Protein chains: 2
Amino acid sequence: MDETDELLSIRAAELYYEENKTQDEIGQALRLTRWKVGRLLAQAKQRGFIRIEILHPRARRLPIERRLREERGLDDAIVVSSAGVNSPDELQSRTAQAAADYLTALRPVPRTLGVSWGRTLFEVSQHLRNGWATGVNVVQINGGVSLNRRAGTAAATAVAIAQKGGGNATLLPSPAILEHLATKQAIESDRVVAGVIELARSADAYLFSAGPADHTSVHIESGYLTDADVDLLVQKGAVGDVVGRYIDADGNIVDPALDARTVGLTLDELREGRLRIAVIAGRSKHPVADAVVRSGLCSVLVTDEATALHLLDG
Amino acid sequence: MDETDELLSIRAAELYYEENKTQDEIGQALRLTRWKVGRLLAQAKQRGFIRIEILHPRARRLPIERRLREERGLDDAIVVSSAGVNSPDELQSRTAQAAADYLTALRPVPRTLGVSWGRTLFEVSQHLRNGWATGVNVVQINGGVSLNRRAGTAAATAVAIAQKGGGNATLLPSPAILEHLATKQAIESDRVVAGVIELARSADAYLFSAGPADHTSVHIESGYLTDADVDLLVQKGAVGDVVGRYIDADGNIVDPALDARTVGLTLDELREGRLRIAVIAGRSKHPVADAVVRSGLCSVLVTDEATALHLLDG
DNA sequence: AGGGCACCTGCTCATATGAGCAGAACCACC
DNA sequence: GGTGGTTCTGCTCATATGAGCAGGTGCCCT
C-alpha cells in the first residue's frame, strides 16, 4: 500500500467512523468507487489504524481471554479492560466485580467452595449480590488473620460469600503461620481444625488470590511476618504467596521450613481441585500471577488486561 | 435502560467489535433476537460506551472541525487528532503537516501568499512537498529575525515555501520591533520596505501563527524583547502575539506604543485579507488561540484537538 | 377493574457491506 | 517486444444491518 492509499484510508476512516457516512457517499467525496473505499477501510483496520475500545467498568477483553486459554492452557480466563481506568484501586475493583460475576454465572453451582482471604477476596465478597447462589457452603482453606486492627476481614470474607450464597461458612480457627513447627502440628491435629481442613480438601471449587512478595503484603500487616522476613524470602527467589505459602517464579515453595509452619491446604492439595479460580490484579502482582499460571495452581484466572498481557509476553 | 440491559449491551459489544461476530450469532450466544442485539449495540454507542479512534499522524477530527466552523464562525477548520501522541513536539509536527496539506489542497491556488515566521511556520515550510503548487509567490508580512544564532529561519521559511511552490519569495528587510518610533517610521518609508508592505497588503492569502506571551517567545530568543518586557505585557493582559503584535484576550493591542514600533501589516490590515490561515498548536497557546479566533483574525484555523476543544469550551 | 399511554418486541423491507471472481493493468524477465 | 505472473479494479451476488411499523405488554391513573 503506497503513501497515497494510506492517507486515503485515513480520510475514509474519518468519514466512515466519525461522520457516519456510507462507503458510497465516501466514494463520491473522495472520487473513488465504493469498493475501493471498502478495501481502504479494511486495510486501515488490518493495519491497526482503527482502535475500538469498550469503555465500561464491566468490559472484558475476549481476545486476550482466548489467548490465555490457548497459550497458557487455562480452562477459563476472565480479563477486565483497563480502558478508562484511573487508579490501581479501580482496576482491583473491576477485577473483583468480574470474579463475582464469574462465580454467579458458574454452572454447576459448587456445593462447597474453599476460599482464602486477603484484600482482593474481601472485595470479591463485597461485590457478590445477595442470592448469587442458593446453598453454597464456604470453607476457609488457610489460616486467618486475628492479630491486628483490621482483624476479621478473613472471617468476614468467608461469611459474606456464604451468607449471600444462602449457605454457611466454616472458618479455620488458626493463625496463618505459627512460630514453631510443633505448635503448628499440634493445631492441625486438633479435631476441629483437622475437620475443617478435611472439608477444605473435599471442596468442589477453590477461590483464592495471591499476594506480592513485598512490604505491602497482608502477612506483614497482620503481623505474621516482618519486613526482614519478606526481604529474606525475596532473596531466596520468592515472587509472592498463595494461601500463605511463598513461591518462586516456577511455583515452588521457597522456604520449606516456613511452609511447614503454615496452616491450611498445601499447594499440592490445592492443585488437586478440579476448579481453582485465582483472582489477581495489579502491577505489583505480575510476577506472582506468572508463577501461579505457569505452575498450574489455578485452572481459571480472573485478572486485568495489563497483567494478562504480561503473562502472554513471557 | 436497566442494569441488565446495560451489561448485555457490553457483552454484545465485546462479541461484535472484538470477536467480529454477527448480530445474529451474538443473539444465539446471549439468547436474544438479533433485533434486540442491534438495539443494544445502538444504545451502547449512543451512551458512549464505544470509543472509536483513528490512530495515525494524519488523522483529523471532523466533528470538532464542524463545531468550530459552526460555533466559532470560521470558514474552515482543520483539527488534528491527539490520539497516540506522546510529546508536544509530535503534536506540533502533526499540526504543521496538516497545515501543509491544507495549503497543498487549497483551490483556487493563491498567486501571492503572505506569511509570518516562527517555529511553527518553519515546520510547515519543511512539511511542504516540492511542487506543492506552481507559481505561488510568497511575501513576508512582518519584520524578521536577524540578531541571534538561529538567524535566518524567518527568511528560510518564506524561501522554502516559495521555492517548493514554484515561485519567488519577497523578504521584508527589517527588524521585527525597533527601539525608536522614528526609526520604524524611517524604515517603513524606505522605498523597498514600503513596496514589500504594499505587496503584503495585496496578498491573496495569509498564513501565520501565534506565539504565547511567556518566556519561551521567539521575540525573546531573537532579542527584540526581554523577559521583563514580556512580563510587563502579560501584566497588561497580553495572551500572545500575532505577526509580532501582542494582543489581549479580546484581540486588542495591549501596548499601542510598542505596536507602533513593530514593522509589518497591522492587525486591521491582516483582517482585510479574505483568506487568513492561522496555524496554532500546543497547550501554551490556548489563550492566544482563543483570542485569535474570537477577534476574527483568522478565517481558517489549523490546530490540535486539545486546543480546539478548549476553544469550544469557553 | 378498566382505559389510556408509553415502551418494548418481533417482524418486513430497503439498504449497506463483504466475498469472490473475471478482466485489466502493471511489472519483470527473458 | 512478447509473455507469465502478480496486483488491482469493478463487478455480481449473498449476507448483514438499520428503519420503520403493527401488535403486544406492562404500568399508571382514575
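Just so we're clear, the structure is a prediction, and the values are computed from it rather than from any experiment.

Visitor: What exactly am I supposed to notice about the overall build of chain A here?
Guide: Counting its secondary structure elements, chain A contains 15 helices and eleven strands. If one aligns the C-alpha atoms of chain A with their principal axes, the spans along those axes are about 85 × 45 × 35 Å. Within the span of chain A, comprising 314 residues, buried residues form 46% of the whole.

Visitor: Which parts of the structure should I look at to understand the interface of chain A and chain B?
Guide: The accessible area lost on association of the parts is a frequent measure of interface size. Counting residues at the interface gives 22 residues for chain A, matched by 22 residues for chain B. Among the elements of the structure, α1 (3-18), β1 (50-54) and α4 (62-72) of chain A are those that each provide at least two residues to the side of chain A that touches chain B. With six residues, α1 of chain A is the single largest residue contributor to the side of chain A that touches chain B. Tallied by class, the residues present in the side of chain A that touches chain B amount to twelve nonpolar, two polar and eight charged.

Visitor: Can you help me understand the protein's contact with DNA strand D in this one?
Guide: As a matter of local geometry, DNA strand D sits amid T33, W35 and K36 of chain A together with T22, Q23, D24, W35, G38 and L41 of chain B. Among the elements that take part in the surface near DNA strand D, helix α3 (residues 34-46) of chain B stands out by supplying three residues, more than any other. Each residue belonging to the surface near DNA strand D can be placed in one class, and the counts come to three nonpolar, four polar and two charged.

Visitor: In this structure, what is going on with the protein's contact with DNA strand C? I would like to understand it.
Guide: Close to DNA strand C lie T22, Q23, D24, G38 and L41 of chain A together with T33, W35 and K36 of chain B. The set of elements that each furnish at least two residues to the surface near DNA strand C consists of α2 (23-30) and α3 (34-46) of chain A together with α3 of chain B. Of the residues that constitute the surface near DNA strand C, the class distribution is two nonpolar, four polar and two charged.

Visitor: I tried to follow the sheet that holds strand β11 (residues 300-304) of chain B on my own but got confused; where do I start?
Guide: In sheet architecture, strand pairing relies on hydrogen bonds along the backbone and comes in two forms, parallel and antiparallel. Residue and element names in this part refer to chain B. Pairing is parallel in the open sheet, where seven strands are placed in the order β2-β11-β10-β6-β3-β4-β5. Of all the strands in the sheet, just β2 (76-80) and β5 (169-170) have a single pairing partner and so form its edges. Sheet analysis places strand β6 (residues 205-208) next to strand β10 (residues 275-280), joined by four bridges and oriented parallel. Bridge pairing links F208 to A278 in β10.

Visitor: Looking at this structure, I do not really get the sheet that holds strand β8 (residues 238-242) of chain A. What am I missing?
Guide: Strand order across the open sheet formed by three strands is β7-β8-β9 (chain A), with antiparallel pairing between neighbours. Of all the strands in the sheet, just β7 (211-212) and β9 (245-248) of chain A have a single pairing partner and so form its edges.

Visitor: What exactly am I supposed to notice about the relation of the copies chain A and chain B here?
Guide: These two copies of the chain differ by a rotation about an axis and a displacement along the same axis. The two copies are related by a screw operation: chain A maps onto chain B through 180° of rotation and 0.0 Å of translation along the axis, at an RMSD of 0.1 Å. This pairing of chains is accounted for by a two-fold axis. Among all residues of chain A, the minimum C-alpha distance to the rotation axis is found for I52 of chain A, at 2.3 Å. With an isologous cut-off of 70% or more, the 100% of interface residues of chain A that recur at the interface of chain B puts this contact in the isologous class.

Visitor: Just to check I follow, could you spell out the packing of helix α6 (residues 119-127) of chain A against helix α7 (residues 153-164) of chain A for this structure?
Guide: The geometry of a pair of packed helices is captured by two quantities: the angle between their axes and the separation between those axes. Residue and element names in this part refer to chain A. At a closest axis distance of 9 Å, the pairing of α6 and α7 adopts a crossing angle of 30°. In terms of crossing hand, the pair formed by α6 and α7 is left-handed. Judged by residue contacts, L121, F122, S125 and Q126 of α6 engage T153, A156, T157, A160 and I161 from α7. For the contact of α6 with α7, the residue count by class is five nonpolar, four polar and no charged.

Visitor: I keep staring at the pairing of strand β9 (residues 245-248) of chain B and nothing clicks. Help me out?
Guide: Each regular strand displays side chains that alternate between the two surfaces of the sheet. All names here are of chain B. Burial of the side chains of β9 extends over both faces: R245 and I247 are buried on one face and Y246 and D248 on the other. Pairing geometry for strand β8 (residues 238-242) and β9, over four bridges, is antiparallel. Each bridged residue has a counterpart across the sheet, and for G240 the counterpart in β9 is I247.

Visitor: What should I look at first to understand the environment of I141 of chain B in this one?
Guide: Looking at where I141 of chain B falls in the secondary structure, it is placed in the loop between β4 (137-140) and α7 (153-164). For the pair I141 of chain B and L113 of chain B, spaced 28 residues apart in sequence, the C-alpha separation works out to 9.4 Å.

Visitor: Can you walk me through the nonpolar core in this structure?
Guide: Soluble globular proteins tend to bury their nonpolar side chains together. Within the largest apolar cluster, 75 residues are counted, with the highest numbers of intra-cluster contacts made by V115, V138, I277, A278, V279, V292 and L301 of chain A. With six residues, helix α5 (residues 88-105) of chain A is the single largest residue contributor to this core. What V279 of chain A contacts, discounting residues up to four positions off in sequence, is T95, A96, A99, T120, L121, V124, S209 and V302 of chain A. Core analysis: the next-biggest nonpolar cluster, separate from the first, contains 74 residues, I161, V230, V243 and I247 of chain B among them.

Visitor: Would you mind going over the environment of L7 of chain B with me for this structure?
Guide: Residues and elements named next belong to chain B. Here L7 lies in helix α1 (residues 3-18). Here L7 falls in the partly exposed class, since 14 other C-beta atoms lie within 10 Å of it. Sequence separation between L7 and K285 is 278 residues; the distance between their C-alpha atoms is 42 Å.

Visitor: Please clarify how unusual backbone geometry should be interpreted in this entry.
Guide: Backbone phi values are negative for most residues with the exception of glycine, while trans is the configuration of most peptide bonds. Cis geometry marks the peptide bond from R107 of chain A to P108 of chain A, where omega comes out at -5°. The phi torsion at N20 of chain A lies on the positive side, around 55°, for a residue other than glycine. As for its placement among the helices and strands, N20 of chain A is situated in the loop between α1 and α2. Assessed through the 9 C-beta atoms surrounding it within 10 Å, N20 of chain A is described here as exposed. Here the phi dihedral of R31 of chain B falls at roughly 60°; this positive angle occurs in a residue that is not glycine. Summarising the element assignment, R31 of chain B is placed in the loop between α2 (23-30) and α3.

Visitor: How should α7 of chain B be read in this particular structure?
Guide: In an α-helix, one turn spans 3.6 residues; hence positions three or four apart end up facing the same way. Residues and elements named next belong to chain B. Here α7 contains twelve residues, and its C-alpha end-to-end distance of 16 Å stays within 8% of the 16 Å for a straight helix at 1.5 Å per residue. When we look at burial in α7, the residues that qualify are T153, A154, T157, A158, A160, I161, A162 and K164. Where the residues of α7 are buried, they touch β3 (112-115), α6 (119-127), β4 and β5. Just downstream of α7, G166 is the residue with a positive phi angle, here 65°.

Visitor: Before we go on, may I ask you to explain the packing of helix α5 (residues 88-105) of chain B against α6 of chain B in this structure?
Guide: Residues and elements named next belong to chain B. Closest axis-to-axis distance for the α5/α6 pair is 8 Å, and the angle between their directions is 60°. With respect to α6, the axis of α5 lies oblique. For α5 against α6, the interelement crossing comes out right-handed. Note on element contacts: α6 touches α5 through T120, E123, V124 and H127, opposite Q92, S93, A96, Q97, A99 and A100. In terms of residue class, the contact of α5 with α6 is made up of four nonpolar, five polar and one charged.

Cut-offs and rules
Within any chain, residue numbers begin from 1 and follow the written order of that chain's sequence. Each chain takes a letter, starting from A, and each ligand takes a number, starting from 1, following the order in which they are written. Selection of residues for local features in this predicted model requires a pLDDT of at least 70, selection of side-chain atom pairs for listing and counting requires 80 or more, and totals for whole chains, interfaces and linings are taken over all residues. Secondary structure counts use DSSP, requiring at least four H or I residues in a row for a helix and at least two E residues in a row for a strand, with both numbered from the N terminus. Once C-beta atoms are placed from the backbone, each residue is buried if 20 or more other C-beta atoms lie within 10 Å of its own, exposed if 12 or fewer, and partly exposed for counts between those two. By the convention adopted here, residues are in contact when the distance between their C-beta atoms, placed from the backbone, does not exceed 7 Å. Think of it as three bins: nonpolar holds Ala, Val, Leu, Ile, Met, Phe, Trp, Tyr, Cys and Pro, charged holds Asp, Glu, Lys and Arg, and polar takes everything else, Gly as well. We call a residue near a molecule or strand when the C-beta position, derived from backbone atoms, sits within 6 Å of it. Should DSSP find at least two bridges between two strands, the strands are taken to pair. What sets the superposition is a least-squares fit of C-alpha atoms, and only residues with pLDDT of at least 70 in both copies go into it. Here an angle of 0 to 180 degrees is reported between the N-to-C directions of two axes, which are lines fitted to C-alpha atoms, with helices fitted over the stretch in contact. Note: crossing handedness is left-handed where the near helix turns anticlockwise from the far helix by less than a right angle, and right-handed where it turns clockwise. When buried Ala, Val, Leu, Ile, Met, Phe, Trp, Tyr and Cys residues are joined through C-beta atoms within 7 Å, the set is termed a nonpolar core. A helix is expected to reach a length of 1.5 Å times the quantity of its residues less one. Here the angle decides the label: under 35 degrees means roughly parallel, over 145 means roughly antiparallel, 65 to 115 means roughly perpendicular, and every other value means oblique.

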